[in-house]
Structure formats: structure tokens, C-alpha cells
Amino acid sequence: ALPTQIPAQIGDKLHKFASVLNLPDGDAMYRRLLTHWEPDQVMPGTKEPKGILWDPSVAADMPNLLDRMQFLDLVTYLPDDILTKVDRASMAVALEARVPILDHRVVEFSWRLPRSTKIRRGQSKWLLRQVLYRYVPPALVERPKMGFGIPLGEWLRGPLRDWAETLLSDRRLREGGLFDTAQVRRHWVEHLSGQRNWQYLLWDVLMFEAWRDRWAPA
């Protein structure tokens, strides 16, 4: 029998998967999966600047979608997100961090490898796993990925709720005149109810509003 209620985490993944089904191609799907808000959805009348993710020359140089996604991750997500966070977190405690797999010689070598050494029989990072098996017990290699994410969704429903409610209040959003108040409020109510986990979309708005509260007071 099917469960009467789908766990929230699985439900979020299903919603995300459903959101890409009607997109025209793999590039559009890739962009959608990287997106929190569509700009005109949350800020009516705005348009997103078209950067390298829309550059047709990338597809011309790299006809394979997997190659394109890896390249775009390398030049956008990696420096703009992951490495930025590592740098801030490590420098905050005077820790020197290194990323040896990003040594240019390793990166250049990996780009010369055939795709079959990266994904084989549905297994990702195939070649890297073969190297690790020489030195690390398989039980450690095959463990699920463990990130460093914080329980943001729970915090917004708990200790951060009053702070967030102040910044996302109907009156404040309408007076600011930037965001679609109804959209933001709907996401906030759904998040509080546990119906959906909109933590990242709400955090985008909260960070802007917190910045505006400090640096651009009314």
C-alpha cells in the first residue's frame, strides 16, 4: 500500500522534478534546477541578465550535455558558491584550506578522460572511487554524501520565526515595493505549515530585507 503522506523531503524532490518536465531541453532543465526564484515571479517587471548559462557558444563547443553541465558548474557554481563558502568559513577561524582536486593539472587531466571513466553503469565518480578503494575501506567510500547544510527550514519555523516574520510582514513588503507580496507571503505560510520547504527561496528574500534594514533604512 502507498503511504498516506509523502515525507516532506521526498515531496520537495518530486515538486522539483515536476517543475522541469515541460521544459524544452537539457540546458533549460539545468538552468531551472539552479534557480530559486524566477525573477519576474518574485519581482514583477524584472528580467534576469543572460550570462554564460545562456551563451550558445558553450553548446557549440561542447555538444554533449554532461560536458556542458560540468563546465558550467566549474566556472559558476564552484567559484561563486562552494569555494566562496569554504573561503569565508575557513578564514573566519584563521584556517588555511586547500582544494587539491582543483589543482590545474588534476583538472586538465580529468577533462581529457573519456566520460566512461566518470560515470559507469549508473555510478558517478567511477575512476575516483577506484583510486579510493586502494587506500580506503569500501564502507567509507560508499557512504551517502554528507554536506554541511544547516537545518534552515526548521530554524525558520522555530528560533528564527519571529525575526523572519518581521522581515516578511505584509506591511513591510508592500511598503518596500520590490517583491510580489502575495507570492512571498504564500511561500512563507506554506513553509510554516510544513506543507512545503521553501527555506532557500525565503532566505533569498530575508537576506535582501536584512541588508535593506541595515543599509537602506526608510
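Refer to the structure above for everything that follows.
So, here's what we can say about the structure. Remember, it's a predicted structure, so these values are computed and weren't measured experimentally.

### Quick look at the pattern of salt bridges
Taken as a whole, this structure holds 13 salt bridges when the rule is applied. Ionic pairing is found between Arg171 and Glu175, a salt bridge with its closest N-O pair at 3.0 Å. Highlighted residues: Arg171 and Glu175, both in helix 11 (residues 170–176), separated by four residues, approximately one helical turn. On the basis of relative accessibility, which here comes to 64%, the residue Arg171 falls in the exposed class.

### Considering helix 5 (residues 65–92)
In this model helix 5 runs 37 Å from its N-terminal to its C-terminal C-alpha over 28 residues, within 8% of the 40 Å that 1.5 Å per residue would give. Within helix 5, the axis deviates most sharply at Leu78, by approximately 60°, and proline Pro79 lies no more than four positions further along. Against the buried residues of helix 5 lie helix 2 (26–34), helix 4 (56–61) and helix 6 (104–112). Structurally, the start of helix 5 carries an N-cap: the backbone nitrogen of Leu66 is 2.9 Å from a side-chain oxygen of Asn64. Trailing helix 5 by a residue or two, Ala94 shows a phi angle of about 55°, which is positive.

### Some remarks on a nonpolar patch on the surface
On the surface, Ile101, Val106, Leu128 and Leu132 cluster together to form a nonpolar patch covering roughly 330 Å² of accessible area. By the element assignment, Ile101 lies in the loop between helix 5 and helix 6. Relative accessible area serves as the criterion here: at 57%, Ile101 is assigned to the exposed category.

### Here we look at the side chain of Arg31
Following the sequence through the fold, Arg31 ends up in helix 2. No salt bridge is formed by the buried Arg31; the nearest opposite charge belongs to Asp25, separated by 5.0 Å.

### Notes on the packing of helix 2 against helix 5
Their axes nearest at 10 Å, the elements helix 2 and helix 5 cross at an angle of 30°. Viewed along their axes, helix 2 and helix 5 adopt a mutual orientation that is roughly parallel. Handedness of the helix 2/helix 5 crossing: right-handed. In this structure, helix 2 uses Gly26, Asp27 and Tyr30 to contact helix 5, whose residues at the interface are Leu65, Arg68, Met69, Leu72 and Asp73.

### What to know about the environment of Val20
Tracing the sequence through the fold places Val20 in the loop between helix 1 (8–18) and helix 2. Once the C-alpha coordinates of Val20 and Ser90 are considered, the two residues, 70 residues apart in sequence, prove to be 36 Å apart. Excluding residues that lie within four positions of it along the chain, Val20 makes contacts with Met29, Arg32 and Leu33.

### Describing the nonpolar core
Counting 16 residues, the largest nonpolar core has Leu156, Leu168, Val184 and Val205 as the members making the most contacts within it. Within the residue set of this core, elements represented by two or more residues are helix 9 (152–157), helix 10 (161–167), helix 12 (181–193) and helix 13 (199–215). The residues touching Leu156, leaving out its near neighbours within four places in the chain, are Arg161, Ala164, Trp188, His191, Leu192, Gln199, Leu202, Trp203 and Leu206.

### Some remarks on the packing of aromatic side chains
Counted according to the given criterion, the structure contains three aromatic pairs. With a centroid separation of 5.8 Å and 55° between ring planes, the pair formed by Trp163 and Trp203 is classed as tilted. Pair noted here: Trp163 is in helix 10 and Trp203 is in helix 13, with a separation of 40 residues, a long-range link. Relative to Trp211, the ring of Phe208 has its centre 5.7 Å away and its plane inclined at 40°; by these criteria the two rings are tilted. Highlighted residues: Phe208 and Trp211, both in helix 13, separated by three residues, approximately one helical turn. In this structure an aromatic cluster arises from ring pairing among Phe179, Phe208 and Trp211. Geometry around Trp126 places Arg120 over its ring, the cationic atom sitting 3.7 Å from the centre. Directly above the aromatic system of Trp198 lies the positively charged group of Arg196, at a separation of 4.1 Å from the ring centroid.

### Describing unusual backbone geometry
One non-glycine residue, Ala94, lies in the positive phi region at around 55°. Positive phi, normally seen in glycine, also occurs at Lys125, with a value near 55°. Take Lys125: it is sitting in the loop between strand 2 (123–124) and helix 7 (126–135). For Lys125, a relative accessible area of 47% puts it in the partly exposed group.

Conventions used here
- Residues numbered from 1 in each chain as written.
- Predicted model: local features only at pLDDT ≥ 70, side-chain atom pairs only at ≥ 80, totals over all residues.
- Heavy atoms only, no water.
- Salt bridge = Lys/Arg side-chain N within 4 Å of Asp/Glu carboxyl O.
- Helix = DSSP H or I, 4+ residues; strand = E, 2+ residues; numbered from the N terminus.
- Buried < 20%, exposed > 50% of the residue type's maximum accessible area, 1.4 Å probe, protein only.
- Expected span 1.5 Å × (residues − 1).
- Bend = angle between axes of the 7 residues up to and from the residue.
- Contact = heavy atoms within 4.5 Å.
- Polar contact = N/O pair within 3.5 Å; in protein donor to acceptor, adjacent residues only side chain to side chain.
- Patch = residues over 30% accessible without salt bridge, like charges linked within 9 Å, V, L, I, M, F, W, Y side chains within 5 Å.
- Areas by Shrake-Rupley, 256 points an atom, 1.4 Å probe, with all protein chains shown as cover.
- Lys, Arg positive; Asp, Glu negative; His and termini not counted.
- Axes fitted to C-alpha atoms, helices over the stretch in contact; angles between N-to-C directions.
- Parallel < 35°, antiparallel > 145°, perpendicular 65-115°, else oblique.
- Left-handed = near helix turned anticlockwise from the far one by under 90°.
- Core = buried A, V, L, I, M, F, W, Y, C linked by side-chain atoms within 4.5 Å.
- Phe/Tyr/Trp six-rings, centres within 6.5 Å; stacked < 30°, edge-to-face > 60°.
- Lys NZ or Arg CZ within 6 Å of the ring centre and 35° of its normal.

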